[in-house]
Amino acid sequence: VFVERKIVERAFGAGVKGLHAAEGRCALNASIAFLSKDHPSYTALVPDLNGVDPDDAFSSVPYEKGYTFLSYLQELAGGPDVFNRYLAAHFAHFAHKSITTAQWKEFMLQYFAEHNKETVFDSVDWDAWLYAPGPPPQFPSEDESLLAACDVVVKDVLAGSAPLLDHFTAGQKVAFFKKLADAGDAVTTTLLANLNRTHSLGAASNAEVLFAWLSLCLQRGWVCEEVTAPLVQFVTSQGRMKFVRPLYRLLAASGEKGRALALATFQEQKGSYHNIAATMISKDLGLK
């Protein structure tokens, strides 16, 4: 994810990278909230998986806490130009290999020591970053220029204005929906119905946009045919766990009818999911 966002920044600009980082932070917060209920240790960047099925601990935590930690280390090292040279050395040294956290750390410290930066990481609290559960000690600063436009539209929508979303990128639409989700009871089912009628959001062709929209609707209690029909189509047309697991959980938690639909849809579809996905959804729905 850290390298991916470097590519995004180079190709599309810092603002788009900022959108990706904001979405990732939302995913991290959701994972920490979900896992902390029963397995808080799974929210550590390096969890103890002795005697644990690794699939049970799978989440956005290693991706997003890893991104955050590497961003912090990059800043300490002297910025992207310095850190990019280290990354090139890392990839050359570990090409075609799987490595442990200890091997990664040892090579990185050795690299910077050999480049006259042996004390650059002396202030790092390695235990807090690697082994402590919960959110990371800090988050990197990001370009929020594209997010600012979302804030303006959210404010207008909550004030009763009709939103103009056609000029938004997919990433901005995702951010817009997540900001509405954070607005709580101010987002009514009437507001959601008007949004859907104006912009046909249930027919969105972008998976990230559709996922964010459906999640918002379920979180705010708008569970009707306009939501459940595209949701069932979505979770039966692909099997990415980042999409299907949260939607099944939200649908099952939306009420008696929602749970019945979630169970019926999963029972019909489970044979087409990857075994890991099917197993994890079964656990999410209390079937295992």
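That block above? That's the structure.
Quick notes on the rules
- Residues numbered from 1 in each chain as written.
- Predicted model: local features only at pLDDT ≥ 70, side-chain atom pairs only at ≥ 80, totals over all residues.
- Heavy atoms only, no water.
- Helix = DSSP H or I, 4+ residues; strand = E, 2+ residues; numbered from the N terminus.
- Buried < 20%, exposed > 50% of the residue type's maximum accessible area, 1.4 Å probe, protein only.
- Contact = heavy atoms within 4.5 Å.
- Areas by Shrake-Rupley, 256 points an atom, 1.4 Å probe, with all protein chains shown as cover.
- Patch = residues over 30% accessible without salt bridge, like charges linked within 9 Å, V, L, I, M, F, W, Y side chains within 5 Å.
- Salt bridge = Lys/Arg side-chain N within 4 Å of Asp/Glu carboxyl O.
- Polar contact = N/O pair within 3.5 Å; in protein donor to acceptor, adjacent residues only side chain to side chain.
- Expected span 1.5 Å × (residues − 1).
- Core = buried A, V, L, I, M, F, W, Y, C linked by side-chain atoms within 4.5 Å.
- Phe/Tyr/Trp six-rings, centres within 6.5 Å; stacked < 30°, edge-to-face > 60°.

Chemist: Describe the overall build of the chain, with residues and values.
Modeler: Helices and strands together make up the secondary structure of the chain, namely 14 helices and 0 strands. Listed N to C, the secondary structure of the chain is α-α-α-α-α-α-α-α-α-α-α-α-α-α in terms of helices and strands. In the chain, which comprises 288 residues, the proportion classed as buried is 41%. Sequence separation of 24 or more characterises 63% of the internal contacts of the chain that already satisfy a separation of 6 or more. Accessible surface, the chain as shown: approximately 15,100 Å² in total, 53% of it carbon and sulfur.

Chemist: Break down a nonpolar patch on the surface for me, with residues and values.
Modeler: A contiguous nonpolar patch, built from Val-1, Phe-58 and Tyr-63 and spanning about 260 Å² of accessible area, is present on the exposed surface. Within the element layout of this structure, Val-1 appears in the segment before helix H1 (2-12). Taking the relative accessible area as the measure of exposure, Val-1 reaches 32% and is therefore partly exposed.

Chemist: Account for the side chain of Lys-17, naming residues and giving values.
Modeler: By secondary structure assignment, the location of Lys-17 is in helix H2 (residues 14-36). Lys-17 gets classed as buried once you look at its relative accessible area, which sits at 14%. For Lys-17, the side chain forms a polar contact with the side chain of Tyr-67, separated by 3.2 Å.

Chemist: How would you sum up helix H3 (residues 61-77)? Please name residues and give values.
Modeler: Over its 17 residues, H3 runs 24 Å from end to end, which matches the ideal 24 Å to within 8%, given 1.5 Å per residue. Here H3 lies mainly inside the structure; 12 of its 17 residues are buried. For H3, the set of buried residues is Val-61, Glu-64, Lys-65, Gly-66, Tyr-67, Thr-68, Phe-69, Ser-71, Tyr-72, Leu-73, Gln-74 and Ala-77. In the core, the buried residues of H3 are packed alongside H1, H2, helix H4 (80-93), helix H5 (101-114) and helix H6 (126-131). Phi turns positive, to about 125°, at Gly-78, one or two residues after H3.

Chemist: Go over the nonpolar core with me, naming the residues and quoting the values.
Modeler: Ranked by size, the top nonpolar core spans 48 residues in total, and within it Phe-176, Phe-177, Trp-213, Leu-214, Leu-247, Tyr-248 and Tyr-273 carry the most contacts. Going through the elements one at a time, helix H7 (145-158), helix H8 (170-182), helix H9 (189-199), helix H10 (207-219), helix H11 (225-237), helix H12 (241-252), helix H13 (256-269) and helix H14 (275-284) are the ones with two or more residues in this core. Take this core: its biggest share by element is 9 residues, from H10. When near neighbours in sequence (up to four residues on either side) are disregarded, Trp-213 contacts Phe-177, Leu-192, Leu-195, Asn-196, Leu-201, Gly-202 and Trp-222. Counting residues in each nonpolar core, the second largest holds 24 residues, with Phe-94, Val-120, Phe-121 and Trp-126 among its members.

Chemist: An account of the packing of aromatic side chains is needed here, citing residue identities and associated values.
Modeler: Applying the stated criterion across every chain, the model contains 25 aromatic pairs. Ring geometry for Tyr-111 and Phe-112: centres 5.1 Å apart, planes at 85°, overall edge-to-face. With a centroid separation of 5.5 Å and an interplanar angle of 55°, the aromatic rings of Phe-177 and Trp-213 are classed as tilted. Here Phe-177, found in helix H8, pairs with Trp-213, found in helix H10; they are 36 residues apart in sequence, far enough to count as distant. Put simply, the rings of Phe-2, Tyr-67, Phe-83, Tyr-86, Phe-94, Phe-107, Tyr-111, Phe-112 and Phe-121 touch in pairs and so form one group of aromatic residues.

Chemist: I'd like to hear about the environment of Val-232, residue by residue, with values.
Modeler: Relative to the helices and strands, Val-232 resides in helix H11. Residue classification places Val-232 among the partly exposed positions, given a relative accessible area of 24%. Sequence separation between Val-232 and Ala-262 is 30 residues; the distance between their C-alpha atoms is 8.5 Å. Beyond its immediate chain neighbours, meaning those up to four positions away, Val-232 contacts Leu-261 and Thr-265.

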